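Here are the chains, one letter per residue:
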Amino acid sequence: MSKQSLRQQARRRVNAALAPWQKERLERERRIQLQAVDLLAAMAEREQHLARTEQRAGAAIRAMLADGLTLADIAEWSGGEIDLKEARRLSHVETASAADRAG
């Protein structure tokens, strides 16, 4: 048998031995890809939800400020849920419609 023929046989045996492993690897990569898509979609949904809730909180804080409260008053009215720093930050969060107009 020629050297080339022996190499071809060896290549076929190696390919046959690797085929199941390669198939499993491809299936695993497909599963991981789908899981990564689910992960990133969930993270994007979380970010959208967080943005909406912070917009609502900011609108409420601005309304309280318009009624004459200070940020310290608002922090106190929150029952300890937010501090002065968070009240200040949320007071600057734009509403969705204002962000849409700016963007």
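Residues numbered from 1 in each chain as written. Predicted model: local features only at pLDDT ≥ 70, side-chain atom pairs only at ≥ 80, totals over all residues. Heavy atoms only, no water.

Draft legend 1. Quick peek at the overall build of the chain. Across its full length, the chain holds four helices and zero strands. In the chain, the order of α-helices and β-strands from amino to carboxyl end is α-α-α-α. A globule of 103 residues ought to have a C-alpha radius of gyration of about 13 Å, yet the chain, at 30 Å, is considerably larger. Taking the principal axes of the C-alpha coordinates as reference, the chain spans close to 95 × 35 × 15 Å. In the chain, which comprises 103 residues, the share counted as buried stands at 11%. A sequence separation of at least 24 residues applies to 47% of the contacts in the chain between residues at least 6 apart. Positive and negative side-chain charges in the chain, numbering 18 and 15 respectively, have mean positions lying 22 Å apart. (Helix = DSSP H or I, 4+ residues; strand = E, 2+ residues; numbered from the N terminus. Rg over C-alpha atoms; globule rule 2.2 N^0.38 Å. Buried < 20%, exposed > 50% of the residue type's maximum accessible area, 1.4 Å probe, protein only. Contact = heavy atoms within 4.5 Å. Lys, Arg positive; Asp, Glu negative; His and termini not counted. Charge placed at Lys NZ, Arg CZ, Asp CG, Glu CD.)

Draft legend 2. Expanded view of the environment of Asp-38. In this fold, Asp-38 is placed in helix 1 (residues 3-66). Put simply, Asp-38 and Gly-80 are 42 residues apart on the chain and 35 Å apart in space, counted from C-alpha to C-alpha.

Draft legend 3. Representation of a nonpolar patch on the surface. A contiguous nonpolar patch, built from Val-14, Leu-18 and Trp-21 and spanning about 300 Å² of accessible area, is present on the exposed surface. Within the secondary structure, Trp-21 sits in helix 1. (Patch = residues over 30% accessible without salt bridge, like charges linked within 9 Å, V, L, I, M, F, W, Y side chains within 5 Å. Areas by Shrake-Rupley, 256 points an atom, 1.4 Å probe, with all protein chains shown as cover. Salt bridge = Lys/Arg side-chain N within 4 Å of Asp/Glu carboxyl O.)

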